[in-house]
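Take a look at the letters that make up each chain.
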Amino acid sequence: LTGAAGDSAGEAVANLGDVDGDGIDDLAVGAPGHGAAGAVYLVFGPVGGAQALEDSERIDGDSAGDRLGNALAGGADLDEDGHLDLILGSSAANGERGRVWVLTDLMGASPTLADAAVRIDGSSFDRLGQTLAVVGDLDADGHLEFAVGGDQADEAFLFYGPMGGVLGVIDAQARMTGSEGDEIGGALAGAGDIDGDGYDELLVSDPDVSEAYLYYGGRR
């Protein structure tokens, strides 16, 4: 999968699952250097051999300098409408506060950010959306959660599903906080249920202090 010169295609990638219901998984490829605002390409399977990303469906960033597609996550139905969703990060958007979108209908005609069912805005130069992860069902209520990191936030934020509308970091149900200048949330991942108690866990890294932290799920 080949992007254009200078568009940073592949800085983020995600398996979307089988979005179009043809029995073959589909992909998203971030190209935060595309054009002025960045872009994300939707690549519907099957895929084989060399393929130019410009031949794929493209979602463009909103404003110059946004760098849409610097982080991606997918393969989950966060709003529980029966369709697999795509989470898109744009850490330089919103005046460097960062912004995250959740697109829930990827089979619509030319999906755009305006179609997002969820938008989460960062605050105070958080650069929210630098990292993203669907992390499973931490409280075993049958709804999926996802985590968002910002490389200037000194925090990572956890949002419990289901969700919708325009949110801010103040709406996060949990925060993982580091010391000032730390990069907690530099990487995020769902860890599965590693202790067998029926609750999924969350793994959060802080590369500035060379540590990773495991947060155990449980009833809220």
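Since we're looking at a predicted model, the values are computed, not measured.

In this model, glycine 45 is joined to proline 46 through a cis peptide bond whose omega is 5°. Following the sequence through the fold, proline 46 ends up in the loop between β3 (39-43) and β4 (57-60). Looking along the chain, the bond that leaves glycine 161 and enters proline 162 is cis, with omega of -10°. As for its position among the elements, proline 162 is in the loop between β11 (155-160) and β12 (165-168). Positive phi, normally seen in glycine, also occurs at phenylalanine 125, with a value near 60°.

Attention shifts here to the pairing of strand β2 (residues 26-31). Judged by how many residues are buried, β2 sits mostly within the fold: five of six residues are covered. The pairing of β2 with β3 spans five bridges and is classified as antiparallel. What sits directly across from alanine 31, in β3, is alanine 39.

Tracing the chain through its elements places glutamate 145 in strand β10 (residues 145-150). For glutamate 145, the side chain forms a polar contact with the main-chain nitrogen of glycine 161, separated by 3.5 Å.

What counts as what
- Residues numbered from 1 in each chain as written.
- Predicted model: local features only at pLDDT ≥ 70, side-chain atom pairs only at ≥ 80, totals over all residues.
- Heavy atoms only, no water.
- Helix = DSSP H or I, 4+ residues; strand = E, 2+ residues; numbered from the N terminus.
- Buried < 20%, exposed > 50% of the residue type's maximum accessible area, 1.4 Å probe, protein only.
- Pairing = 2+ DSSP bridges.
- Polar contact = N/O pair within 3.5 Å; in protein donor to acceptor, adjacent residues only side chain to side chain.

Bear in mind that shape data such as this cannot, by itself, settle questions of function.
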